[in-house]
Amino acid sequence: MIVLLSDLHITDGSTARNVDPGAYELLKEEILLNVRKKKTTEVHVVLDRILAAPDGSGQALISMLDSLALHPEIAGLPLPLTYVVGNHDKAFNTFVSLQEELRLRFPHRAPTFALSVVAPEYGLLARHGHEWDEQCHAKAFWERVLHNGTLIDRFDPNSRT
């Protein structure tokens with residue numbers, strides 16, 4: 001089973017409202033229900049965006065993932081955790097120390113960081129949405145400012161550096 005948590009946009013609360021922390025408990029119950037129904041052999045969690053927020057949203061997500069990993073129905077299953085780095089997460093690409101900080105928060109999960117997740121067995125290709133948004137795409141910045149005249153594909157990893 002693959003669980004895709006996408007574009008949560010968890011913030012410090014100064015620019016937007018976060019998902020109510022209680023929603024993650026509901027999400028956990030939904031995941032467990034599907035684990036039971038589908039006789040799951042693995043649960044792969046794909047994360048996107050920032051996890052720290054003073055209103056408790058990020059911490060609620062982290063707590064949900066921790067409790068999910070320890071739940072008797074999932075405890076023995078592989079539970080890979082992948083953080084898909086988006087355009088607002090440039091710091092994760094720039095500072096490996098931030099990746100290590102998140103890995104320390106999930107020592108039993110050892111999260112990986114990726115630009116996309118391809119899982120043919122689930123029929124899944126997960127990319128960050130900014131790659132499709134021409135107005136917000138770093139491709140133009142790379143081509144017109146950083147490397148004037150050098151064209152790159154919209155999915156080129158250089159568009160995230």
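Placed above this text is the structure.
Fair warning: this is a prediction, and the values are worked out from it, not measured in the lab. (Residues numbered from 1 in each chain as written. Predicted model: local features only at pLDDT ≥ 70, side-chain atom pairs only at ≥ 80, totals over all residues. Heavy atoms only, no water.)

Draft legend 1. Expanded view of the packing of aromatic side chains. Going through the model one piece at a time under the given rule, you end up with one aromatic pair. Between Y83 and F113, the ring centres sit 5.5 Å apart and the planes meet at 40°, which makes this aromatic pair tilted. With Y83 in strand 3 (residues 81-84) and F113 in strand 4 (residues 112-114), this pair connects stretches of sequence that are 30 residues apart. The same class applies to Y83 and to F113, which are both buried. (Phe/Tyr/Trp six-rings, centres within 6.5 Å; stacked < 30°, edge-to-face > 60°. Helix = DSSP H or I, 4+ residues; strand = E, 2+ residues; numbered from the N terminus. Buried < 20%, exposed > 50% of the residue type's maximum accessible area, 1.4 Å probe, protein only.)

Draft legend 2. A look at unusual backbone geometry. Backbone geometry places K39, a non-glycine residue, at a positive phi of 50°. With respect to the secondary-structure elements, K39 resides in the loop between helix 1 (22-38) and strand 2 (44-48). We classify K39 as exposed; its relative accessible area is 69%.

Draft legend 3. Focus on the side chain of H44. Turning to its location among the elements, H44 is positioned in strand 2. A polar atom in the side chain of H44 sits 2.9 Å from the side chain of T82. In this structure, H44 is in contact with M1, I2, V3, P80, T82 and V117, ignoring residues within four places of it in sequence. (Polar contact = N/O pair within 3.5 Å; in protein donor to acceptor, adjacent residues only side chain to side chain. Contact = heavy atoms within 4.5 Å.)

Draft legend 4. Representation of the environment of L65 within the structure. For L65, the position within the fold is in helix 2 (residues 57-70). Taking C-alpha positions, L65 is 9.0 Å from F106, a pair spaced 41 residues apart along the chain. Not counting the four nearest positions on each side in its chain, L65 is found in contact with V45, L47, L81 and F106.

Draft legend 5. Molecular detail of the packing of helix 1 against helix 2. At a minimum axis distance of 9 Å, the contact between helix 1 and helix 2 shows a crossing angle of 25°. Taken together, helix 1 and helix 2 sit at an angle that is classed as roughly parallel. Relative to helix 2, the crossing made by helix 1 is right-handed. Between helix 1, through Y24, L27, K28, I31 and L32, and helix 2, the contact on the second element is made entirely by S57, A60, L61, M64, S67 and L68. (Axes fitted to C-alpha atoms, helices over the stretch in contact; angles between N-to-C directions. Parallel < 35°, antiparallel > 145°, perpendicular 65-115°, else oblique. Left-handed = near helix turned anticlockwise from the far one by under 90°.)

Draft legend 6. Region of interest: the pattern of salt bridges. Evaluated as defined, the whole model comprises three salt bridges. Taking the shortest distance from any N to any O, the salt bridge between R103 and E100 comes out at 2.9 Å. Placement of both R103 and E100 in helix 4 (residues 96-105) is noted, with a separation of three residues, approximately one turn of the helix. The exposure class assigned to R103 is partly exposed, which follows from its relative accessible area of 24%. The class for E100 is partly exposed, based on a relative accessible area of 38%. (Salt bridge = Lys/Arg side-chain N within 4 Å of Asp/Glu carboxyl O.)

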